[in-house]
Amino acid sequence: MNIILLGPPGAGKGTQAGLLEQKYGLKQLSTGDMLRAEVTAGSALGQKAKAIMDSGGLVPDDVIIDMIEARMQQADCVKGVIFDGFPRTVPQAEALDKMLAQKGQALDAVIELEVDEKAVLARILQRAAEDQAAGNTPRKDDNEASFRKRMQEYHAKTAPISQHYKSQGRLSVVDGSQPIDRVEKDLEAIVSGAAGGGPQAARHMP
Ligand code: AMP
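Conventions used here
Residues numbered from 1 in each chain as written. Predicted model: local features only at pLDDT ≥ 70, side-chain atom pairs only at ≥ 80, totals over all residues. Heavy atoms only, no water. Pairing = 2+ DSSP bridges. Helix = DSSP H or I, 4+ residues; strand = E, 2+ residues; numbered from the N terminus. Axes fitted to C-alpha atoms, helices over the stretch in contact; angles between N-to-C directions. Near = heavy atom within 4 Å. Polar contact = N/O pair within 3.5 Å; in protein donor to acceptor, adjacent residues only side chain to side chain. Areas by Shrake-Rupley, 256 points an atom, 1.4 Å probe, with all protein chains shown as cover.

**Q** Got a minute to help me understand the sheet that holds strand 1 (residues 3–6) in this structure?
**A** Within a sheet, neighbouring strands are paired by backbone hydrogen bonds and run either parallel or antiparallel to one another. The five strands lie next to each other as 2-3-1-4-5, forming an open sheet whose pairing is parallel. With one partner strand each, in any of the chains shown, strand 2 (27–30) and strand 5 (171–175) form the two edges of the open sheet. In this sheet, adjacent strand axes meet at a mean angle of 20 degrees when their direction is disregarded. Across four bridges, the pairing between strand 2 and strand 3 (residues 81–84) is parallel. Note that in strand 3 the partner of Ser30 across the bridge is Asp84.

Following this line, the structure appears as structure tokens:
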């Protein structure tokens, strides 16, 4: 079972992907987390990506597609994946379609979390303030200037993906401005429907 969570930065994709991961035994793949790990490790990829990420731009498609392709070969992805922050462009979506087709796997649900821009900016600034208060270094892109750039990229390059999946009849939209547990319930209903049963049945899918 493979699921994509779409939505602007701060929509709650990471939080909800984490909840789905536990519930359905799937693997959450966050390209943002993977890239931040590369930056921390100081790898060649991380060095290439850092400035782009800090400014709120998008890392080139070929880099992202190679990274996801390699990651999906690993054993923890065999039961299925929740993609969080990927795909972010139509070429990435097309590459994923191809990747899954080659593996003989389906895309079971594509769920867009809808939240308005003012609300997501407030969430992102709150995340930065909470990190600071907890003594952690806030993300370099959790500031208003990078957020504006991330939103621009989202509207220009990521929002068209919804149409890609809508035309495939796969897109579901959820109100991401609801409390976390309500969003979780809405997602569960969609995912359970896609799995042809409840979470229990989904857990046993190959
Ligand atoms: P995120 O943690 O998903 O908000 O991603 C943080 C940053 O990592 C983004 O602003 C981009 O610079 C980069 N990034 C993450 N995922 C992708 C992707 N699928 N394509 C291009 N850039 C990405």
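**Q** Which parts of the structure should I look at to understand the site of the ligand?
**A** In the neighbourhood of the ligand, 16 residues make up the surrounding shell, with Thr31, Arg36, Gly57, Gly85 and Gln92 lying closest. Arg88 places a polar side-chain atom, nitrogen or oxygen, 3.0 Å from a nitrogen atom of the ligand. Its free accessible area being 490 Å², the ligand has 96% of it covered by the protein chains. In terms of residue count, helix 2 (residues 31–41) provides more of the shell around the ligand than any other element does, four residues in total.

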